[in-house]
Amino acid sequence: MVSELEEGMVLASPVYGADGKLLLSEGIVLRKLYIQKIMDIQLERVFIYDGNLSIVSREDDFETIVMKDMILNSTRNDAKEVVRGCMEDVVAKSQIDMDKLYLIVNQIVDEILSLEAVTVNLSQLREVDQYIFDHSVNTCVLSLITGIYMGFNKIRLLELGIGAMLHDIGKVMLPQDVLNKPDRLEDDEFGIMKLHTIRGYEALKSNKQFSEGTLAVILSHHERCDGRGYPKGLQKDDIHVYAKIVTVIDVFDAITADKVYSKKDDPYRAMNAIISELDTKFDREVVKKFLRVVGYYPLGLYVTLNNGDYGVITKTHKDRPCCSDSF
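Residues numbered from 1 in each chain as written. Predicted model: local features only at pLDDT ≥ 70, side-chain atom pairs only at ≥ 80, totals over all residues. Heavy atoms only, no water.

**Student:** Give me the lowdown on empty space enclosed by the protein, citing residues and values where you can.
**Tutor:** What the rule picks out here adds up to two cavities of 30 Å³ or more. What lines the second largest cavity is simply Glu223, Arg224, Cys225, Ile239, Ala243, Lys244, Thr247, Val248, Lys281, Phe282 and Asp283. Grouping the constituent residues of the lining of the second largest cavity by class yields five nonpolar, one polar and five charged. (1 Å grid on protein atoms, 1.4 Å probe; cavity = no way out; pocket = protein on both sides within 12 Å on 5 of 7 lines; lining within 4 Å. Points joined across faces, edges and corners; volume = space filled by probe spheres on them. Nonpolar A, V, L, I, M, F, W, Y, C, P; charged D, E, K, R; others polar.)

**Student:** Which residues make up helix H5 (residues 154-165), and what values do they have?
**Tutor:** A turn of α-helix holds 3.6 residues, and therefore any two residues three or four places apart point the same way. In a regular helix each residue adds 1.5 Å, so twelve residues correspond to 16 Å; H5 covers 16 Å between its end C-alpha atoms and thus fits that length. Between a side-chain oxygen at the N-terminus of H5 and the backbone nitrogen of Ile155 the separation is 3.3 Å; the capping residue is Asn153. (Helix = DSSP H or I, 4+ residues; strand = E, 2+ residues; numbered from the N terminus. Expected span 1.5 Å × (residues − 1). Polar contact = N/O pair within 3.5 Å; in protein donor to acceptor, adjacent residues only side chain to side chain.)

**Student:** Give a detailed account of the packing of aromatic side chains, specifying residues and quantitative values.
**Tutor:** Evaluated as defined, the whole model comprises three aromatic pairs. With a centroid separation of 6.2 Å and an interplanar angle of 85°, the aromatic rings of Phe190 and Tyr230 are classed as edge-to-face. A residue pair is termed long-range when its members are at least 10 positions apart, and Phe190 in helix H7 (residues 187-193) and Tyr230 in the loop between helix H9 (212-220) and helix H10 (241-255) qualify at 40 residues. For Phe190, a relative accessible area of 40% puts it in the partly exposed group. In this structure, Arg84 packs its charged tip against the face of Phe133, placed 4.3 Å from the ring centre. We note Arg156 situated over the ring of Phe152; from NZ or CZ to the ring centre the distance is 4.2 Å. (Phe/Tyr/Trp six-rings, centres within 6.5 Å; stacked < 30°, edge-to-face > 60°. Buried < 20%, exposed > 50% of the residue type's maximum accessible area, 1.4 Å probe, protein only. Lys NZ or Arg CZ within 6 Å of the ring centre and 35° of its normal.)

**Student:** Help me get a handle on the packing of H9 against H10, residues and values and all.
**Tutor:** Two elements in contact, H9 and H10, have axes whose closest approach is 8 Å; the angle formed by their N-to-C orientations is 45°. Between H9 and H10, the interaxial angle falls into the category oblique. In the crossing of H9 with H10, the sense of the turn from one axis to the other is right-handed. Contact residues: Gly213, Thr214, Ala216, Val217 and Ser220 in H9; Tyr242, Ala243, Val246 and Thr247 in H10. For the contact of H9 with H10, the residue count by class is five nonpolar, four polar and no charged. (Axes fitted to C-alpha atoms, helices over the stretch in contact; angles between N-to-C directions. Parallel < 35°, antiparallel > 145°, perpendicular 65-115°, else oblique. Left-handed = near helix turned anticlockwise from the far one by under 90°. Contact = heavy atoms within 4.5 Å.)

**Student:** How would you summarise the environment of Val105 if you had to cite specific residues and measurements?
**Tutor:** Looking at the secondary structure, you find Val105 in helix H3 (residues 98-113). The class of Val105 is buried, set by a relative accessible area of 0%. Put simply, Val105 and Val141 are 36 residues apart on the chain and 9.1 Å apart in space, counted from C-alpha to C-alpha. Excluding residues within four positions of it along the chain, Val105 makes contact with Leu158, Gly161, Ile162 and Met165.

Geometric descriptors of this kind do not, in isolation, establish any biological role.
Have a look at this one:
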């Protein structure tokens, strides 16, 4: 916990301010001034190295653990810039730079596939407070990992990843006062918000380099299995599998993120919320695969044990993913 930081400890992950600017780099030796900076931005926790250069979350309280992001920080930052560029191109009615888009999604796929074990560390997914860009990249990463567990080949992963990265691109064509409203949307405002699926699809459908599946993600990621989604009210068998995946990830990442209109919740509650609406909102088989990705108790989740002690989840068993086979 941040309150237990001491001079001489070494940061094991970078620290960013609310504006997204880097405050402290990984490997920095903590001084009083740096500790005060961390406290000033009200972080709940940071990761530090122990004497063996392994990562621990709280000195002497936990076994040595390693928390590693799924992709490189540089790749994550490059991806957010590509999303920003695509959105600017759509607003300007210019052609999206497809080379950059394919290159960054291919890089993310390769970095994920290069890992010895695909295990998600949720504590590292969101580094900065730029919701729409972070959300786009996080949705891409988690969708790709889910696609890997579903046995997708490289071509299908690229199609899924591009759709996931651009799934909210239609929002840049909505009124900013609706998009950034800090309060609950009125019915007419929600009607406007729902248009982002159609606006995004209409803006990209003429580009023949986007596959049918990629475009289906952009148009249909708010469709629901019971037919109560939008924009077309499609039911389970009519929704493209890519869209079914992004539907689950989109909701999960939104619940676990701070937004202008709501505070984040923890991954455990987000997963429970999704499981509670199997077959109505979410596809059962997709949720099962996603649960294998993050685990019912995800890596990086802080927990209170039944004896009153505190702990952090450091390992999940992929052959025993808790409850994914029980529903």
